[in-house]
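Fold and geometry: a report
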Amino acid sequence: MSEMIDAAVKELNQKTGGSFDGSAKFVVEDEGTIMLDGEGARAADEDAEVTMTADSDTFREIFEGSLDPTSAFMSGRLKIDGDMGQAMKLAQTL
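Conventions adopted
- Residues numbered from 1 in each chain as written.
- Predicted model: local features only at pLDDT ≥ 70, side-chain atom pairs only at ≥ 80, totals over all residues.
- Heavy atoms only, no water.
- Helix = DSSP H or I, 4+ residues; strand = E, 2+ residues; numbered from the N terminus.
- Expected span 1.5 Å × (residues − 1).
- Buried < 20%, exposed > 50% of the residue type's maximum accessible area, 1.4 Å probe, protein only.
- Arc of directions from axis to C-beta.
- Contact = heavy atoms within 4.5 Å.
- Pairing = 2+ DSSP bridges.
- Salt bridge = Lys/Arg side-chain N within 4 Å of Asp/Glu carboxyl O.
- pLDDT = per-residue confidence, 0-100.
- Phe/Tyr/Trp six-rings, centres within 6.5 Å; stacked < 30°, edge-to-face > 60°.
- Lys NZ or Arg CZ within 6 Å of the ring centre and 35° of its normal.

1. A short note on helix α1 (residues 3-16)
Compared with the 20 Å implied by 1.5 Å per residue over 14 residues, the 20 Å span of α1 between its first and last C-alpha is a close match. Listed as buried for α1 are M4, I5, A8, V9, L12 and T16. In a view along the axis of α1, the buried residues occupy a sector of 135°, so they form one face of it. In this structure, α1 carries E3, K10 and Q14 as exposed residues pointing more than 90 degrees from its buried face. Among the structural elements, β1 (24-28), β2 (32-37), β3 (40-43), α2 (56-64) and α4 (84-93) are those in contact with the buried residues of α1. Positive backbone phi, approximately 75°, marks G17, located one or two places after α1.

If you want it as structure tokens, here you go:
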């Protein structure tokens, strides 16, 4: 597992309080996959209601708060597959 994934898991657990009502998967190109659900964030690759895919720089900027997830999606830097409602709920959390 990469240092970027470890740091992102920690950051997601802090931002979500260790739980998320629903399930989301973050596919960080060339780094790994993060799952977020009622059990919190962890490095894993499981089925989810929504899958978000981007490169590591895009996810880093989103997690740091310097890039709005909606802007990342609209500019094509973030791809979303699945339940857009879950994606919007997660965007508010981030």
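From this point, the discussion proceeds with the structure in view.
2. Quick notes on the pairing of β1
Most of β1 is tucked away: four of the five residues are buried. In sequence, β1 turns back onto β2 through a hairpin of three residues, with D30 there showing a positive phi of about 65°. Examined bridge by bridge, β1 and strand β4 (residues 50-54) share five bridges and lie parallel to one another. Considered in β4, the bridge of F26 is made with M52.

3. So, the pattern of salt bridges
Throughout the structure, instances matching the rule amount to seven salt bridges. Ionic pairing is found between D21 and K89, a salt bridge with its closest N-O pair at 3.9 Å. With D21 in the loop between α1 and β1 and K89 in helix α4, this residue pair connects regions lying 68 residues apart in the sequence. Across the salt bridge formed by R42 and E46, the nearest N and O atoms sit 2.9 Å from each other. Look at R42 and you get partly exposed, because its relative accessible area is 22%. Judged by relative accessible area, E46 falls into the partly exposed class, the value being 35%. A network of salt bridges, in which partner residues are shared, links D37, R42 and E46.

4. Points about the confidence of the model for the protein
Across the protein, pLDDT averages 91, with 99% of residues at or above 70. The lowest-confidence element of the protein is α4, averaging 87 in pLDDT; the highest-confidence one is β4, averaging 97.

5. Regarding the packing of aromatic side chains
All told, the structure shown has three aromatic pairs when counted by the stated rule. Aromatic side chains F59 and F63 sit 5.9 Å apart centroid to centroid with 20° between the ring planes, which places their arrangement in the stacked category. On the criterion of helical spacing, the pair formed by F59 and F63 is a turn pair, its members being four residues apart in helix α2. Take F59: its relative accessible area is 2%, and that puts it in the buried class. A network of ring pairs unites the aromatic residues F26, F59 and F63 as a single cluster. When the ring centre of F20 is taken as origin, the NZ or CZ atom of K89, which lies over that ring, is 5.2 Å away.

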